[in-house]
Amino acid sequence: MRPGTDATENDLRQLLNQWDPIGVADEVRDEYDCMLAPLLQRLRGGADQLEIGALLRQELEEHFGLDPLGLRPDAMAARVIGWWATVGRADGTSCV
């Protein structure tokens, strides 16, 4: 994914960097860009908090090799869904 392609991606990147499950966002701004397209695709398709949480857990385990337990992917999913509820309309997607 190209960094900085639009405001929606930048906002989601900022959310992921605030979460920063591996603790590198201060030095590597695009570390979590691998999650941008899958998250946005699901959000635009109407995914709920459970589906977003499952994706985040999967990424933590399979891509980053982390135990998701202490990283609170469900709490992050709630933040992502809350954010999407405010920006999804601007992105041209109807929010649930």
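Here is a short report on the structure shown in this document. (Residues numbered from 1 in each chain as written. Predicted model: local features only at pLDDT ≥ 70, side-chain atom pairs only at ≥ 80, totals over all residues. Heavy atoms only, no water.)

A few words on the packing of helix H2 (residues 36–44) against helix H3 (residues 49–63). Between H2 and H3, the least distance of the axes is 10 Å, while the angle of their chain directions is 165°. As judged from the angle between their axes, H2 and H3 are roughly antiparallel. For the crossing formed where H2 meets H3, the hand is right-handed. Of H3, the residues touching H2 (which contributes Pro38, Leu39, Arg42 and Leu43) are Glu51, Ile52, Leu55 and Leu56. (Axes fitted to C-alpha atoms, helices over the stretch in contact; angles between N-to-C directions. Helix = DSSP H or I, 4+ residues; strand = E, 2+ residues; numbered from the N terminus. Parallel < 35°, antiparallel > 145°, perpendicular 65-115°, else oblique. Left-handed = near helix turned anticlockwise from the far one by under 90°. Contact = heavy atoms within 4.5 Å.)

Our next topic: the pattern of salt bridges. Under the definition given, this model contains three salt bridges. Of the charged contacts in the structure, one is a salt bridge between Arg57 and Asp74, with a shortest N-O distance of 2.4 Å. Of this pair, Arg57 sits in helix H3 while Asp74 sits in helix H4 (residues 73–87), placing them 17 residues apart in sequence. (Salt bridge = Lys/Arg side-chain N within 4 Å of Asp/Glu carboxyl O.)

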